[in-house]
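Each chain, written out:
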Amino acid sequence: MSVTFEYTNAMSFMKSTEMDNFSEFVKSAHNQIHGQRGPGSDYLGWVNWPIEYDREEFERVKSAASRIQQQSDALIVIGIGGSYLGSKAAIEALSHTFHNQIDGNTEVYFAGQNISSIYIENLLHVLEGKDISINVISKSGTTTEPALAFRIFREFMEKKYGEEEARKRIYVTTDKTEGALRTLATEEGYETFVIPEDIGGRYSVLTPVGLLPIAVAGLDIDQMMAGAEASYHKYNNPDIATNGSYQYAAVRNIFNSKGKSIELLVTYEPGLHYVAEWWKQLFGESEGKDVKGLFPASVNFTTDLHSMGQYVQEGRRLFIETVLQIKKSPVERTIQADANNIDGLNFLTGKTMDEVNKMAALGTTLAHIDGDVPNLLIELDELNEYTFGELVYFFEKACAISGTLLGVNPFDQPGVETYKKNMFALLGKDGYEEERKQLEERLAEITKH
Ligand SMILES: O=P(O)(O)OC[C@H]1O[C@](O)(CO)[C@@H](O)[C@@H]1O
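Note that the coordinates shown come from a computational prediction; the quantities given were computed from them, not determined experimentally.

Okay, the confidence of the model for the protein next. Looking at the protein as a whole, the pLDDT averages 97, with 100% of positions reaching at least 70. This prediction of the complex comes with two scores: 0.97 for pTM and 0.98 for ipTM.

Right, dumping it as structure tokens:
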């Protein structure tokens, strides 16, 4: 089982010497990351995590997951950004497409990833009559969206079960010592899991942040960590000639410097939609700063070929494409002959749906190459917990190296604060009086025109 990277379909857009030229830069980026040096070096805990993770806590995650499965019909995962995208990606990719509708499964719902009252109302509606547990996840413990959702769900739980029983159904994943959530968890006696202080949100899927919800969904987290460990060893050498993760990092930078501004992550399996969402946060927050970075976007083909395909083929030439492909679908559905053949599809008789999907992918790749879109390929032999773990680490490593090559700090996200500052000022939070005054003046100016 493995994850492979290749860029053969990008070679007509670049010279092989360009890759060679990157080899020394890649080596020094590798040495920087492994030597715990450089910008953001306080956030490198994820590098050795697959071999160094806390085994005792890992076992506790598994037993909490089976307790939740026994005590509840549904788990509500409250978090935003890196505190929900990894588990959402794994559950969508690896579970039954309609996981929550299958009898016997512990349903998993997400909250706190938006501020929509409609969403909360409808979620509470769906939960009527069900026994529930909560896993609230926030590294800082102060992020508005999950804090707001937790306020609502805590009250809901205490009303439904009483304080004592609610306590047994609330699981908190947060910083080891700091933050409002840690304080609350200590006061209330909730069971807690730790987000290591040297692992940022977007690098946290293989910590309890991702692992508890993933295990509750019935997935094998031992296999996931085994895949991540294999990937750790595979991408632990600085040689660009043999390190696919570093090749991916270098090729992205080559095309960025040639003026490409968007990387489209392309999938042909709907279950991979949230893997792409997770990937967007990883690369978007890591590289989008100092007026730099490829804009990470994603499409689900063939669905989006009927909406975005036209632009990718003939619109502004901004793109590189990275196809995330599963070599062989675990499900074989053979197309049958139809006596009347009114739809004209009898030429597909005897082929499987997956063969058709693969030919759609190949045809699209060739068409997009003709439309000047360099094509990169990441292939998974199979899609399962093991290869998911491998893929996560492949991307994490590539992202750290890519951001380092780009010359940014891949581990901070200062730009996210700007909207928060405005929101707090507009809502009248204490300490934001001056900002509020300035915004009000600005808004008055806009209304005048
Ligand atoms: O886990 P927290 O601290 O609530 O943060 C959630 C998300 O918010 C961000 O900090 C951005 O505001 C992301 O980097 C992070 O994944």
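The environment of the ligand is made up of 14 residues, and the closest members are Gly81, Gly82, Ser140, Thr143 and Gly201. Looking at the shell around the ligand residue by residue, the class counts come to three nonpolar, eight polar and three charged.

Strand order across the open sheet formed by five strands is β1-β10-β9-β7-β8, with mixed pairing between neighbours. Of all the strands in the sheet, the pair left with one neighbour each is β1 (3-6) and β8 (295-300). Shown here is a sheet whose adjacent strand axes are inclined to one another by a mean of 20 degrees, direction ignored. For strand β9 (residues 319-326) and strand β10 (residues 375-380), the ladder comprises six bridges, and the chain directions are parallel. Looking across to β10, one finds that Gln325 is bridged to Glu379. Of the strands in this sheet, β1, β7 (262-267), β9 and β10 are in contact with helix α12 (residues 244-257), which crosses β1 at around 35 degrees. Helix-sheet contacts for helix α13 (residues 273-287) involve β7, β8 and β9, and the interaxial angle to β8 is about 175 degrees.

Counting residues in hydrophobic clusters, the biggest one holds 114 residues, and the most contacted among them are Ile76, Ile78, Ile134, Ala215, Ala250, Val275 and Ile401. The biggest single contributor to this core is helix α16 (residues 385-406), with 13 residues. Setting aside its immediate chain neighbours within four residues, Ile134 contacts Ile76, Ile78, Phe153, Met157, Arg169, Ile170 and Tyr171.

Taken together, five strands build an open sheet; the order of strands is β3-β2-β4-β5-β6 and the sheet is parallel. The open sheet has two edge strands, β3 (107-111) and β6 (191-194), and neither has a second partner. Pairwise comparison of adjacent strand axes, ignoring direction, gives a mean angle of 20 degrees for this sheet. Across five bridges, strand β2 (residues 74-78) lies against strand β4 (residues 132-138) in parallel orientation. Following the sheet pairing, Ile78 is matched in β4 by Val136.

Turning our eyes to something else, we now look at α16. A rise of 1.5 Å per residue sets the reference length of α16, with its 22 residues, at 32 Å; its end C-alpha atoms lie 31 Å apart and thus fit the reference within 8%. With 22 of 22 residues buried, α16 lies mostly within the body of the structure. A positive backbone phi angle near 85 degrees is found at Gly407, which sits one or two residues after α16.

With that settled, the discussion passes to the packing of helix α4 (residues 55-71) against helix α10 (residues 208-216). At a minimum axis separation of 8 Å, α4 and α10 run at an interaxial angle of 35 degrees. For the element pair α4 and α10, the recorded crossing hand is right-handed. Each of Glu57, Val61, Lys62, Ala64, Ala65, Ile68 and Gln69 in α4 lies in contact with α10, whose residues at this interface are Pro208, Leu211, Leu212, Ala215 and Val216. A breakdown of the residues in the contact of α4 with α10 according to their chemical character gives nine nonpolar, one polar and two charged.

Another aspect to go through is the environment of Lys420. Its place among the elements puts Lys420 in helix α17 (residues 417-426). Sequence separation of Lys420 and Gln36 is 384 residues, and the distance between their C-alpha atoms is 31 Å.

Further remarks concern the packing of α12 against α16. Packing of α12 against α16 brings their axes to within 8 Å, and their N-to-C directions diverge by 40 degrees. Classified by the angle their axes make, α12 and α16 are oblique. For the pair α12 and α16, the crossing hand works out as right-handed. Taken together, the residues of α16 that come into contact with α12 (itself represented by Ser245, Tyr246, Tyr248, Ala249, Ala250, Arg252 and Asn253) are Phe394, Lys397, Ala398, Ile401, Ser402, Leu405 and Leu406. Grouping the constituent residues of the contact of α12 with α16 by class yields nine nonpolar, three polar and two charged.

To continue, consider the UniProt feature "active site" (unreviewed entry) in the protein. As recorded in UniProt, the sites labelled "active site" (unreviewed entry) are Glu285 and Lys420. Mapped onto the fold, Glu285 is located in helix α13. Among residues more than four places away in sequence, those in contact with Glu285 are Arg202 and Gln413.

Cut-offs used in this document
- Residues numbered from 1 in each chain as written.
- Predicted model: local features only at pLDDT ≥ 70, side-chain atom pairs only at ≥ 80, totals over all residues.
- pLDDT = per-residue confidence, 0-100.
- Near = placed C-beta within 6 Å.
- Nonpolar A, V, L, I, M, F, W, Y, C, P; charged D, E, K, R; others polar.
- Pairing = 2+ DSSP bridges.
- Helix = DSSP H or I, 4+ residues; strand = E, 2+ residues; numbered from the N terminus.
- Axes fitted to C-alpha atoms, helices over the stretch in contact; angles between N-to-C directions.
- Contact = placed C-beta atoms within 7 Å.
- Core = buried A, V, L, I, M, F, W, Y, C linked by C-beta atoms within 7 Å.
- Buried ≥ 20, exposed ≤ 12 C-beta atoms within 10 Å, placed from the backbone.
- Expected span 1.5 Å × (residues − 1).
- Left-handed = near helix turned anticlockwise from the far one by under 90°.
- Parallel < 35°, antiparallel > 145°, perpendicular 65-115°, else oblique.
- UniProt positions renumbered as here; feature names shortened; annotations may be inferred.

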